[in-house]
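Chain by chain, the residues run as shown.
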Amino acid sequence: HGRFVMQQRRWERVNAELGKSYTLLPVTRTTDEWSHSSDNVWMYYGRGCSDIMWCTGRTLGGVHKLHVAAALMQEDEPSCDLECVSTFFASYLSGAAGQLGMRRADVNTVAVRRALDHKTAWYNVDAALGWYRMTSCGALLNLWIYAAARRRGYDSLQFYASPTCPPGGGRFAWHAELVDLREPGTNAVTQTRRDGPWVRNNVFCRGEACRPPPAFD
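Residues numbered from 1 in each chain as written. Predicted model: local features only at pLDDT ≥ 70, side-chain atom pairs only at ≥ 80, totals over all residues. Heavy atoms only, no water.

### Overview of the confidence of the model for the protein
Item 1. Confidence along the protein averages 79 in pLDDT terms, with 75% of residues attaining 70 or more.
Item 2. When the criterion is pLDDT under 50, residues 1-9 qualifies, and its contacts beyond four places in sequence or with other chains add up to 31 contacts.
Item 3. Counting interchain partners and residues more than four positions distant, the pLDDT-below-50 stretch residues 186-194 has 29 contacts. (pLDDT = per-residue confidence, 0-100. Contact = heavy atoms within 4.5 Å.)

Okay, structure coming up:
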């Protein structure tokens, strides 16, 4: 049930508790094709839907993945303005245009800049999907973000309104997605079922350490 948590047609405000380091957030998970291969523990923000509380550690947040990617790049290169960021990611992502379901010519600086200029946690689902796909459908951007965030010492990332990869003719949606970067290289599902250190150190139920139920996997 967590897949579309926090989606509303006019949800433009981000909850105040999101984006804060060293705080506890209610989380939920669903199983999909990515959960058995991820090197990270990914979750959905579940205020009102979950008693499982997750500690963010040192975190970085943005409305969607390109916002977070831009922030990480500018931490590494403070002189890189939005045009510089847009040029870099347009070039970086253009090779994955097919995976994104886009034409290579459409993965360009203008499209990336349009994504970076989008500051509200709401999308016009009636418009052409366009740049939405760059923030949702490709593994290439995820890999860049995760590596850069770990290099900068972040424990987690938060995408306040992360678009789902739009299925052909299906429902376009978005959700608040949380990614824990600790325990790199450890399969998230196996880690949870073994009651490993990630669970003991970062997940709490009613204020105490807990093991999430099987449904959390």
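### Observations concerning the pattern of salt bridges
A side chain with one charge may pair with a side chain of the opposite charge, provided their charged atoms come close.
Item 1. Tallied over the full model, the rule gives 8 salt bridges.
Item 2. Taking the shortest distance from any N to any O, the salt bridge between Glu75 and Arg152 comes out at 3.0 Å. Residue Glu75 is located in helix α1 (residues 65-76), and its partner Arg152 is located in the loop between α5 (139-151) and β5 (156-163); the two are separated by 77 residues in the primary sequence.
Item 3. With relative accessibility at 32%, the residue Arg152 sits in the partly exposed group.
Item 4. The shortest N-O distance in the salt bridge between Arg103 and Asp106 comes to 3.0 Å.
Item 5. A single salt-bridge network, built from bridges that share partners, covers Glu75, Asp76, Arg151 and Arg152. (Salt bridge = Lys/Arg side-chain N within 4 Å of Asp/Glu carboxyl O. Helix = DSSP H or I, 4+ residues; strand = E, 2+ residues; numbered from the N terminus. Buried < 20%, exposed > 50% of the residue type's maximum accessible area, 1.4 Å probe, protein only.)

### Side note on the state of the cysteines
Item 1. By the definition in use, this model includes 1 disulfide.
Item 2. Each disulfide pairs two cysteine sulfurs, and for Cys80 the partner residue is Cys84, the sulfurs being separated by 1.9 Å. Between Cys80 and Cys84 the disulfide shows an S-S torsion of about -100°. By sign, it is left-handed. (Disulfide = S-S within 2.5 Å.)

### Re the packing of aromatic side chains
Item 1. Tallying each qualifying case throughout the model produces 7 aromatic pairs.
Item 2. Where Phe89 meets Tyr92, the ring centres are 6.4 Å apart and the plane angle is 90°; that geometry is what we call edge-to-face. Placement of the pair is Phe89 and Tyr92 together in helix α2 (residues 82-94), with a separation of 3 residues, close to one helical turn.
Item 3. We classify Phe89 as buried; its relative accessible area is 0%.
Item 4. Where Trp131 meets Tyr132, the ring centres are 4.7 Å apart and the plane angle is 85°; that geometry is what we call edge-to-face.
Item 5. Taken together, Phe88, Phe89, Tyr92 and Trp144 form an aromatic cluster joined through their ring pairs. (Phe/Tyr/Trp six-rings, centres within 6.5 Å; stacked < 30°, edge-to-face > 60°.)

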